[in-house]
Amino acid sequence: MTEVFLSLVIGVLYAAGLYLMMCRNIAKFIIGLGLIGHGANLLIFTAAGLSTQRAPIVPEGVTIPVVPIVDPLPQALILTAIVIGFGLTAFVLVLFLSAHEVEGTDDLEKMRSTDQ
Amino acid sequence: MLYAVMSGFVAAALLPLLHRFLGERSSLVAAVVPLALTVWFATSFPRVASGEVLVSQSSWLPEIHLELGFRLDGLSLLFALLISAIGALVILYTSAYLHGNPRQHQFVSATLMFMASMLGVVLADNLVLLFIFWELTSFTSYLLIGFDHEKEESRKAALQALLVTGLGGLFLLAGVLLLGTAAGSFSLSEILRADRALAGHADYPVILGLILVGAFSKSAQTPFHFWLPNAMQAPTPASAYLHSSTMVKAGVYLLARLNPVLGGTEAWIGWLTAVGVLTLLTGALMASAQVYLKRLLAYTTVAALGFMVMLLGIGSERAVQAAVVFLMAHACYKASLFLVAGIITHETGEADVRRLGGLLRFMPVAGACSVVAAVSMAGLPLSFGFVAKELVYASVLDRFLVFIPAVAASLLFVVVAFQVGIKPFLPGSSDSSGTPHEAPPAMLAGPVILGLACLAGGFFPQAFAGALAASAAAAIQGGLVSEVDLQAWHGITPESVASALTLMLGVAAVFATGHWVRIGSAMKPLANFGPDRVYVAKLKGLNLLAVWQTRVLQSGSLRRYVAIIVLAMVGLFGLSVLRSGELPILNRNTPLTLPSLILGLLIMLGAIGSMIATSRISAVAALGVVGFCVSLIYVLHGAPDLAMTQLVVEALGAVLLVSAFLNLPSFHDRKRWVGRFRDAVVAILGGLAMTLMTLMANDVQLAPSIAHYFAETSVLLGHGRNIVNVILVDFRALDTLGEITVLAIAGASAVALLKLRMAAKRRS
């Protein structure tokens, strides 16, 4: 059931994120980007499987962990994604702030020209 | 033979370098390459004439049956000789014609490339290879026609030639691929050995149609003829080389080459004869309205090409021989006339035949060459053109429907030969500024040598051209031995009577040139409805389509991009789900615990909250709730590392967002309710697709998990107990390095943008 429930949560995250990204306001766009990032991370997490709950850590004293453990590879991918997502948000934020200053508007519809 | 073809490309590549050291003299050095090729081809003539086919094979891309295979038989040799010999003369001519032009070496370089491509076309043994060289000739001719790229007409004409022949090239490619598949081989040698086995093949009509379109577009047959006169924007050497003696004959070559494979059927005979005759008449009709030297010549070239296609269509032994001899004669006199026309315009600055005259005093050598070439074109006795025309008449005498157009075209040749080749040198005066001079020797070499060829072909046709024509005709007819008997004078025969009649009518027409031009000019508006118009309209339509689709897809509106991406994703995903008809089977079922339920509900509430929030702070707070709950879910399902990272990032992000949002004026969405509703529908569709995708991802295990490898080796190889960490810094260290780089770049860009802002602020 957890899988079905989390899939629903992911769907809601995406829908809300996409809606915000289609707004004309810069700030809303950035919030939407953040929501979609969470959705994507959860998607990978759910797809990797939720049945086991033992963290992928080898206890002291042994060289091989007690199976079953959670698949560590998707976790490594998500970890990368979280950090990159943060970098992206920071960059987009500064980019939009500068654009806002240059164009004198925070309306995305008015930021169409590339030359100037 | 590979070296023969490649030498042109190599020379073209080296020429700019040579130009740096030798200046304009580099063109003379470049002319050595085609000259050497001419000698080489000439020395292999005895072997080819004895019926031998020289073959060279080297492997290129064996995986797709593409070999660098070349073969030299009579037909190829005839073309190769024309290409390299006229190439040498044209490059020599260019060295004086473009004297003082800083881009002379570029022109010569492109000419060499063209020559090499053209040699590739006529020597290629592999059909695909032939097609590649075919396209290369279109490409290099684009460079040559558009050489004066600062003139709009040049650019337009170059593009037109490229598009028309390029479009034909696509047809040819399809035809060649089908032909190769049907014949079971892409090697011309093998296909030719099969000998007419394709006429009964199921795909024969399609193959024939495709290849004919390709050949017709290249050889300027109606309705593709319009690009050739427009291509006269090219500098004269290029017109003389490409558009009279070589490239436009590539289509004729292809038809002649494939005659043994595709020829002889009713469709072949019908189409070639009909299109040939139509082209003949179109060229003749259009030529009558022209007054400019090069355009006059261009339309007669169209007519001449129609002649050759028509003769190949008739396909009898005599007609094939006539086509070959006519091709040789035409190459000699037409190139010569073009070169002299270039000299005239070069010296007088005038291209209108009505205003030219009395030039013989100033340029006697050029005048003599011009008259000889014109006599050959008009088909007066004791010229190469006469021999060719006699053969043509002999092969069409019994076909009334073909004979009349042939006479009409010959009549036109008489008129144009007079106007272009003789009239400028008759007593009279030119409205030219300054006194014209005799052209320098480099420019005269071409007309003189070609003029001598016209004479030699007229006086001693059998010795001059008999053997070459015989071996070429034999190759066209699939290796049948062809007895060619060329004579300067056959005595009184039906052909010579027809010839005499043509000449008399022609002379009469010359005296009536004034009326002729008037009638032609009266018909000029008709040309507006020709294929040229269709081409322009199509080009315009294409541009409009491009503008429209750019406006729709590349609107510059970020919102629309997002919507298009989401809808495309939903559409493609939905399509593949519908097609497979599979729904998630939910083979993994973990019971839902209360903490998970509460966290999930909170996430959904947070997402919706940030969506409907009216203030910036509340939206950031709602996003924070989502992030916090997501990290708790990571904790619940055995991912402490993710949870820690997420929490840190969440805190940092919240600080960043709040401080940045203070600078923005409003948190108001400027959409009306229709837009909101539309966006909501798109967003919900996207969310649904993602839900479904997640559920289906649960069922899929494409490859066996490699988790156990990391688990087993983390301590032994990576010396770390936190497996996720070991993966990041050890097993996939390069990945992490890339990630750090991306972050660093993002950080650096952010800093740079902030600095820009600050600098802008300080300035204001």
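Predicted model, so just to flag it, every value in this text is computed and none were measured. (Residues numbered from 1 in each chain as written. Chains lettered and ligands numbered in written order. Predicted model: local features only at pLDDT ≥ 70, side-chain atom pairs only at ≥ 80, totals over all residues.)

1. Focus on the overall build of chain B
Across its full length, chain B holds 31 helices and two strands. Relative to a compact globule of 764 residues, whose C-alpha radius of gyration would be 27 Å, chain B shows 36 Å and is clearly more extended. Referenced to the eigenvectors of the C-alpha coordinate spread, the extents of chain B come out at roughly 115 × 65 × 55 Å. A buried classification covers 47% of the 764 residues belonging to chain B. Long-range pairs, those at least 24 residues apart, make up 79% of the contacts in chain B with a sequence separation of at least 6. (Helix = DSSP H or I, 4+ residues; strand = E, 2+ residues; numbered from the N terminus. Rg over C-alpha atoms; globule rule 2.2 N^0.38 Å. Buried ≥ 20, exposed ≤ 12 C-beta atoms within 10 Å, placed from the backbone. Contact = placed C-beta atoms within 7 Å.)

2. Topic: the overall build of chain A
Scanning chain A from N- to C-terminus turns up three helices and zero strands. For chain A, the α and β elements follow one another from N to C terminus as α-α-α. Against the globule reference of 13 Å for 116 residues, chain A gives a C-alpha radius of gyration of 20 Å, more extended than a compact globule. Viewed in the frame of its principal axes, chain A has a C-alpha envelope of about 65 × 30 × 15 Å. Within chain A, the proportion of its 116 residues that are buried is 60%.

3. Re the packing of helix α19 (residues 441-459) of chain B against helix α20 (residues 461-476) of chain B
Residue and element names in this part refer to chain B. For the pair α19 and α20, the least separation of the axes is 6 Å and the interaxial angle reads 95 degrees. Our classification of the angle between α19 and α20 gives roughly perpendicular. Taking contact as the criterion, the partners of A456, G457 and G458 in α19 are, on α20, P461, F464 and A465. The residue makeup of the contact of α19 with α20, split by class, is four nonpolar, two polar and no charged. (Axes fitted to C-alpha atoms, helices over the stretch in contact; angles between N-to-C directions. Parallel < 35°, antiparallel > 145°, perpendicular 65-115°, else oblique. Nonpolar A, V, L, I, M, F, W, Y, C, P; charged D, E, K, R; others polar.)

4. A few points about the pairing of strand β1 (residues 54-61) of chain B
On a regular strand, one side chain projects to one face of the sheet and the next to the other, so that they alternate. All names here are of chain B. Direction of pairing for β1 relative to strand β2 (residues 66-72): antiparallel, over a ladder of seven bridges. Paired with Q57 across the two strands is G69, which belongs to β2. Taking the residues between adjacent antiparallel strands as the criterion, β1 and β2 are bridged by four residues, where H65 takes a positive phi near 55 degrees. (Pairing = 2+ DSSP bridges.)

5. What about the nonpolar core?
M308 and V325 of chain B are the most contacted members of the largest nonpolar core, which has 197 residues in total. For this core, the element with the most residues is helix α15 (residues 317-348) of chain B, which contributes 21 residues. When sequence neighbours within four positions are dropped, the list of residues in contact with V325 of chain B reads V387, A388, L391, A465, A469 and L486 of chain B. I26 and L108 of chain A together with A619 and V682 of chain B belong to the second largest nonpolar core, which has 78 residues in total. (Core = buried A, V, L, I, M, F, W, Y, C linked by C-beta atoms within 7 Å.)

6. Overview of the interface of chain A and chain B
Taken together, the 80 residues of chain A in the interface contact 92 residues of chain B. Within the residue set of the side of chain A that touches chain B, elements represented by two or more residues are α1 (2-21), α2 (26-48) and α3 (72-103) of chain A. With 23 residues, α3 of chain A is the single largest residue contributor to the side of chain A that touches chain B. Considered class by class, the residues forming the side of chain A that touches chain B number 51 nonpolar, 19 polar and ten charged.

7. Comments concerning the environment of L8 of chain A
If you trace the backbone, L8 of chain A turns up in helix α1. Spatially, the C-alpha atom of L8 of chain A lies 30 Å from that of I57 of chain A, the residues being 49 residues apart in sequence.

8. A closer look at the environment of F464 of chain B
Residue and element names in this part refer to chain B. Checked against the element boundaries, F464 lands in helix α20. Each C-alpha atom, one on F464 and one on L486, is 9.4 Å from the other, the two residues being 22 residues apart in sequence. Not counting residues within four places of it along the chain, the set of residues in contact with F464 comprises A456 and G457.

9. So, helix α30 (residues 723-731) of chain B
The set of residues buried in α30 of chain B consists of I723, V724, V726, I727, L728 and F731 of chain B. In the core, the buried residues of α30 of chain B are packed alongside α3 of chain A together with α27 (640-661), α29 (707-713) and α31 (733-763) of chain B.

10. So, the confidence of the model for chain A
In the predicted model, chain A carries a mean pLDDT of 84, and 95% of its residues have values of at least 70. Per-element averaging of pLDDT across chain A places α3 of chain A at the bottom with 86 and α1 of chain A at the top with 92. (pLDDT = per-residue confidence, 0-100.)

11. Quick notes on the packing of helix α9 (residues 204-218) of chain B against helix α13 (residues 266-287) of chain B
Residue and element names in this part refer to chain B. Their axes nearest at 11 Å, the elements α9 and α13 cross at an angle of 20 degrees. In terms of orientation, α9 lies roughly parallel with respect to α13. Read as a crossing pair, α9 and α13 show a hand that is right-handed. Contacts between α9 and α13 involve P205, L208, L212 and F216 from the first element and A267, W268, W271 and V275 from the second. Of the residues that constitute the contact of α9 with α13, the class distribution is eight nonpolar, no polar and no charged. (Left-handed = near helix turned anticlockwise from the far one by under 90°.)

12. Digging into unusual backbone geometry
All names here are of chain B. Cis peptide bonds are those with omega within 30 degrees of zero, and the linkage from T222 to P223 qualifies with 5 degrees. Mapped onto the elements of the fold, P223 is located in the loop between α9 and α10 (227-230). One non-glycine residue, A220, lies in the positive phi region at around 55 degrees. Mapped onto the elements of the fold, A220 is located in the loop between α9 and α10. Judged by the 29 C-beta atoms lying within 10 Å of it, A220 falls in the buried class. Within the chain, L382 stands out as a residue other than glycine whose phi angle is a positive 65 degrees.

13. What about the domain arrangement of chain B?
What the domain assignment lists for chain B is domain 1 (291-511) and domain 2 (704-764). The centre of domain 1 of chain B, based on its C-alpha atoms, is set 76 Å off from the matching centre of domain 2 of chain B. (Domains from an automatic or database assignment.)

14. A look at the environment of N259 of chain B
All names here are of chain B. Of note, N259 is situated in helix α12 (residues 250-262). With 216 residues separating them in the primary sequence, N259 and A475 have C-alpha atoms 9.3 Å apart. Ignoring sequence-local partners within four residues, the contact set of N259 consists of L312, G315 and I476.

15. A closer look at helix α21 (residues 494-511) of chain B
Residue and element names in this part refer to chain B. The end-to-end C-alpha separation of α21 is 26 Å, in line with the 26 Å expected for 18 residues at 1.5 Å each. The complete set of buried residues in α21 reads A498, S499, T502 and G506. The arc enclosing the buried residues of α21, seen along the axis, measures out at 100 degrees, which places them on a common side. Exposed residues pointing more than 90 degrees away from the buried face of α21 are listed as V497, A500, M504, A508 and F511. Packing partners of the buried residues in α21 comprise α16 (364-378), α17 (384-396) and α18 (400-422). (Expected span 1.5 Å × (residues − 1). Arc of directions from axis to C-beta.)

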